[in-house]
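# Reading the structure
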Amino acid sequence: MSALVATAETPAQRRIALLGVGTVGRALIERLDALDDPRLRLGLLANSRRRLPVHGQTLPRDWAQSLAQGEAHDGSGLLPDLQPGDIVVDATASAELAAWHPRWLRQGLHVVSANKLGLGGPLLRQHEIRALAGEGRHYGDAATVGAGLPLIRTLRELRAGGDRIGAVVGVLSGTLAWLFDGYDGSEPFSARVRAAVAQGFAEPDPRVDLSGEDVRRKLLILARTAGYPLEHSEVRVDSLLTPAIIAAAPDRLDAALGELDAPLAERAARTARDGRVLRYVARFDAAGARIGLEALAADDPLAVGRGCDNRVAIWSTRYRDRPLQIQGPGAGAEVTAAALLDDLLRIVA
Ligand SMILES: NC(=O)c1ccc[n+]([C@@H]2O[C@H](COP(=O)([O-])OP(=O)(O)OC[C@H]3O[C@@H](n4cnc5c(N)ncnc54)[C@H](OP(=O)(O)O)[C@@H]3O)[C@@H](O)[C@H]2O)c1
């Protein structure tokens, strides 16, 4: 591995604490390594059990082994070695760390997050984060929805330009987009879920995707950015899970997933007979917010797009008759890490 940073200390150089070195965190380390920007220096790595302070200017090649033998910690967000102006990257899905986002901002730290529970957790926390960000402290949110697609940014800019957001409708889960892309019921849905896990499109426990909870958090982030201060309970979610799948122990989950096959095959066949396709759609407007499986016309803008593509339609004051549409790959370690890096670069720009 090459040097992560140049050797000269510059006033603009920021120390980064990277919390979470899983799929996304590792991809970010590789991008930082490839970019080799002297303004960004990894100063700390952590997983849920260990922390590794990075002394000197370069990340050791064997950082993973060193981390495994690093300092034990309790998974909290206490980071005593960071100074105001340093950056915390949250590349975890930890609820405990998400609660630290406002505290880090108060300490004068910048925060860059792939963790949706910061802005997509309790409404009060989102208010705190938005109120604290700015005035020299930056909160990077590009990776939280659409893995860097310009969704949050566009909503923010439309509102800054005087638009009222009338409605947003979208396919916000790359995993669910992939599962329903081309699904006509001829193969068991559970086999697709297994393939998605094997190929890394789905969470290791696919219930996180199939429950709709991940989409709920994304919808909350978009809705709140759009001026709809919704709480978790105000989003109606039609989960794909059955009680037996929810209750299944990890070693019984694979068998339990078979419960999805017959009802979804029947629904896909019925949908195809009507010339429609199934998509897992999130929508909000002044009347409310809901998430669930919908039968869309085959030429519906939300029905097109391939694989893990996210697609979102936004109606606003200026896009009243025809919506603004944003589409593109919205999942995967590469694009998510790239979105985190974009946010890091905005801080040092
Ligand atoms: N993967 C994607 O395509 C994708 C796309 C968009 C957004 N995201 C989001 O990005 C985040 C990371 O996803 P991932 O796929 O990289 O997850 P992952 O592979 O499961 O990695 C999670 C990492 O977080 C660490 N961690 C958990 N709790 C921690 C704590 N309290 N302190 C420090 N580290 C902690 C884990 O450590 P252990 O190994 O010790 O458990 C692991 O290193 C999630 O919020 C996810 O929703 C992921």
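Starting from 1, residues in each chain are numbered consecutively following that chain's sequence as written. Residues qualify for local features only when their pLDDT is at least 70, as the model is predicted, and side-chain atom pairs are given and counted only at 80 or more; totals for whole chains, interfaces and linings, by contrast, use all residues. Hydrogens and water are ignored here; the side-chain numbers use all heavy atoms of the structure.

Here the focus is helix α1 (residues 23–35). The end-to-end C-alpha distance of α1, which contains 13 residues, comes to 19 Å, matching closely the 18 Å that a straight helix rising 1.5 Å per residue would cover. Among the residues of α1, Val24, Gly25, Ala27, Leu28, Ile29, Leu32 and Asp33 are the ones counted as buried. Two residues or fewer after α1 comes Asp36, characterised by a positive phi angle close to 55 degrees. A run of DSSP states H or I qualifies as a helix once it reaches four residues; a run of E qualifies as a strand once it reaches two. Both are numbered from the N-terminal end. What a helix is expected to span follows from its residue count: subtract one and scale by 1.5 Å. Burial status follows relative accessibility: with a 1.4 Å probe on protein chains alone, a residue under 20% of its type maximum counts as buried, one over 50% as exposed, and anything between as partly exposed.

Moving on to the site of the ligand. Neighbouring residues of the ligand: 22 residues in total, closest Val24, Ser48, Arg49, Gly75 and Thr92. Residue Thr23 places a main-chain N or O atom 3.0 Å away from an oxygen atom belonging to the ligand. When contributions to the shell around the ligand are tallied by element, the ones reaching two or more residues are α1 and α14 (333–348). The residue inventory of the shell around the ligand, partitioned by class, reads eight nonpolar, twelve polar and two charged. We call a residue near a molecule or strand as soon as one heavy atom of that residue lies within 4 Å of the molecule or strand. The definition of a polar contact used here is a pair of N or O atoms within 3.5 Å, where within protein one atom must be able to donate a hydrogen and the other to accept one, and adjacent residues in sequence count solely through side-chain atom pairs. In this classification, the charged set is Asp, Glu, Lys and Arg, the nonpolar set is Ala, Val, Leu, Ile, Met, Phe, Trp, Tyr, Cys and Pro, and all remaining amino acids, among them Gly, are polar.

Whether two aromatic rings pair depends on their centres lying within 6.5 Å, for rings of Phe, Tyr and Trp, where Trp uses its six-membered ring; planes under 30 degrees apart make the pair stacked, over 60 edge-to-face, and the rest tilted. A complete count under the given rule lists five aromatic pairs for this structure. Consider the rings of Trp100 and Trp104, whose centres lie 6.4 Å apart with planes at 35 degrees: the pair is tilted. Taken as a pair, Trp100 and Trp104 share a single burial class, namely buried. Through successive ring pairs, a cluster of aromatic residues spans Phe180, Tyr183 and Phe189. Each ring is checked for a lysine NZ or an arginine CZ that lies within 6 Å of its centre and within 35 degrees of its normal; such an atom marks a charge sitting over the ring. Lying over the aromatic face of Trp100, Arg103 brings its terminal NZ or CZ to 3.9 Å of the ring centre.

Trans is the common state for peptide bonds, and a negative phi is the common state for residues other than glycine. For Asp36, which is not a glycine, the phi torsion comes out positive at approximately 55 degrees. Within the secondary structure layout, Asp36 lies in the loop between α1 and β2 (40–46). Taking relative accessible area as the criterion, Asp36 reaches 34% and is therefore assigned partly exposed.

Right, let's get into helix α10 (residues 213–225). Helix length check: α10, at 13 residues, gives a terminal C-alpha distance of 18 Å against a target of 18 Å (1.5 Å per residue), a fit within 8%. Buried residues dominate α10, accounting for eleven of its 13 residues. Taken residue by residue, α10 has Asp214, Val215, Arg216, Lys218, Leu219, Leu220, Ile221, Leu222, Ala223, Arg224 and Thr225 as its buried positions. Once α10 ends, the next one or two residues include Gly227, with phi positive near 100 degrees.

Take the sheet that holds strand β3 (residues 50–53) next. Taken in spatial order, the seven strands of this open sheet run β4-β3-β2-β1-β5-β6-β7, and their pairing is mixed. Looking at which strands have only one partner, the edges of the open sheet turn out to be β4 (71–72) and β7 (139–140). One requirement defines pairing of two strands: DSSP has to find at least two bridges between them. For β3 and β4, the ladder comprises two bridges, and the chain directions are antiparallel. Across the sheet, Arg50 pairs through a bridge with Ala72, a residue of β4. Any two residues whose heavy atoms approach within 4.5 Å at even a single point are treated as in contact. Here, axes are lines fitted to C-alpha atoms. For helices the fit covers the stretch in contact, and angles between N-to-C directions go from 0 to 180 degrees. Along the sheet, α14 contacts β1 (14–19), β2, β5 (87–90), β6 (110–113) and β7; its crossing angle with β6, the most-contacted strand, is approximately 160 degrees.

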